[in-house]
Amino acid sequence: MFIYRLLLKTFRNYVNETISFSPGINVISGSNGSGKTNILEAIYIASHIKSFRNCTDKDIIQWGKQDYYISVHVENADISTIEVGASVTNQQSEKKVKIDGKEKKKISDFYGRINVVTFFPDDTTIISGAPDIIRRYFDRLISKVDKEYIELLTSFRKILKNRNQVLKDIPHKRDIIKQLDIWDSMYSDCASALVMKRKHYIEHFNIYFKELYKELSGFNDNVIIHYCPSLHNNDAVDIKHEVSKRRNIDVKMGTTTIGPHRDVYVVNGNENIAFKSYASTGQRRLASIAMKLAEVNVIYEVKKSKSIVLLDDVLSELDDDRRKSVLQKLIDGSNQVIITCASSNDVNFVDNYKHLKVVNNRVLEK
Ligand SMILES: Nc1ncnc2c1ncn2[C@@H]1O[C@H](COP(=O)(O)OP(=O)(O)O)[C@@H](O)[C@H]1O
Ligand SMILES: [Mg+2]
């Protein structure tokens, strides 16, 4: 699948802009702060509905305006248009998503309908950052390829919230402890399904990741991502038993202390040594790039469709050979690539690309 047209209205610095892309490599150049990443942000929102920036719709809407609108036109996909509109009036925020003109309300109906994979300079935090960063990364990846997963995750979060509320209230209203039985059953069913899916997808992911890291780094280092669930069981009945055995601790802590929300992913190298304990900044960068390339492969394996790959100022961080190698892998897989860079010199080794230049809040075709 590829995007051939993007329309932005009062989105960040763009008033009303139509941008055409080629199915191959697209390069967006422009000075710092000109609005290159904003274009990638719009494409990302069309796939993930939220921005990758930690911001609200109000921040995205053009200053002084009340709403923004994005429409993405794709080809070689089972859909042709995604529209996202958001408005903020009197501090009330409203967002609408339409696919092929029909409004979609359920997150599983629009999340990941277009395959978007991003490469950002700070992706190394997936490897070196807090456990929730890598957990969120895999949650997003699996949600993009497995509709059931995102539904399970949504239910799980609601059940967890309710169970935690009961746990918090118990010290004041002792008799509500009975309510935990019903929440524990629902919790265990959902947790079991999530854990099984996480186990399944990490296995597929590692097959690609291991080889890609070796190829890119040139080291014969067996880097693998281990999924370590916080629960000791997979089966819902066994999980319920495990959770009820922890009940006293949960009541004392006022929160659910075991479950998928506490799962960790550990990146290990040779001899099972923690990767982050020895890897250089460069190796972490290559590992994070190998993860994104593995993601493109997993998406293709499951959905049998190509991805739209967004690279935000990442190429300049790599040496010439690796830059070529990363791009070559993406091109060989016939993925659409959209690259931002301050200067098109960063891509001068690429033979054939569409060049877009951002000048004075307009996107010009070079
Ligand atoms: N809500 C907004 N309304 C208008 N302009 C915005 C808004 N948010 C950000 N901008 C503009 O976008 C610029 C940043 O764009 P960005 O795409 O991150 O730049 P870069 O080309 O460096 O990637 C800021 O300098 C700011 O002027
Ligand atoms: Mg930028």
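What you are looking at is a predicted structure, and each value in this text was computed from that prediction instead of being measured. (Residues numbered from 1 in each chain as written. Chains lettered and ligands numbered in written order. Predicted model: local features only at pLDDT ≥ 70, side-chain atom pairs only at ≥ 80, totals over all residues. Heavy atoms only, no water.)

Quick word on the layout of surface pockets
Within this model, the largest pocket holds a volume of roughly 1,300 Å³. Lining of the largest pocket is provided by 39 residues; of these, Tyr44, Ser51, Phe52, Arg136 and Arg140 occupy positions nearest its centre. Among the elements of the structure, α1 (36-48), α2 (57-60), α3 (107-110), α4 (125-128), α5 (131-145), α6 (147-169) and α11 (281-303) are those that each provide at least two residues to the lining of the largest pocket. Broken down by element, the lining of the largest pocket gets its largest block of residues, eight residues, from α5. Here the lining of the largest pocket gathers at least three residues from each of two domains, domain 1 (1-115 + 305-366) and domain 2 (127-302). (1 Å grid on protein atoms, 1.4 Å probe; cavity = no way out; pocket = protein on both sides within 12 Å on 5 of 7 lines; lining within 4 Å. Points joined across faces, edges and corners; volume = space filled by probe spheres on them. Helix = DSSP H or I, 4+ residues; strand = E, 2+ residues; numbered from the N terminus. Domains from an automatic or database assignment.)

Some details on unusual backbone geometry
One non-glycine residue, Gln91, adopts positive backbone phi at about 65°. With respect to the element layout, Gln91 can be found in the loop between β5 (81-89) and β6 (92-99). Despite not being glycine, Asn361 has its phi angle at roughly 65°, a positive value. As for its position among the elements, Asn361 is in the loop between β13 (354-359) and β14 (362-365).

Notes on the pattern of salt bridges
For the structure on display, the rule yields 22 salt bridges. We note a salt bridge from Arg12 to Glu41, for which the minimum N-O separation is 2.8 Å. Of this pair, Arg12 sits in the loop between β1 (2-11) and β2 (14-20) while Glu41 is found in helix α1, placing the two residues 29 residues apart along the sequence. Accessibility classification places Arg12 together with Glu41 in one group, the buried group. Salt-bridge contacts for Glu41 lead to Arg53; the nearest nitrogen and oxygen are separated by 2.8 Å. Here Glu41, found in helix α1, pairs with Arg53, found in the loop between α1 and α2; they are twelve residues apart in sequence, far enough to count as distant. Judged by relative accessible area, Arg53 falls into the partly exposed class, the value being 29%. A single salt-bridge network, built from bridges that share partners, covers Arg163, Asp181, Asp184, Arg247 and Asp250. (Salt bridge = Lys/Arg side-chain N within 4 Å of Asp/Glu carboxyl O. Buried < 20%, exposed > 50% of the residue type's maximum accessible area, 1.4 Å probe, protein only.)

Here we look at the domain arrangement of the protein
For the protein, the assigned domains are domain 1 (1-115 + 305-366) and domain 2 (127-302). Its C-alpha centre places domain 1 at a distance of 29 Å from the equivalent point of domain 2. Listed as interface residues are 22 residues of domain 1 and, on the opposing side, 18 residues of domain 2. On the domain 1 side of the contact with domain 2, Tyr111, Arg322 and Lys329 bury the most area, a combined 30% of that side's loss. Linking domain 1 with domain 2 are three salt bridges, by the criterion used here. The closest approach of N and O atoms between Lys106 and Glu151, which form a salt bridge, is 3.5 Å. (Contact = heavy atoms within 4.5 Å. Buried area = accessible area lost by both parts, 1.4 Å probe.)

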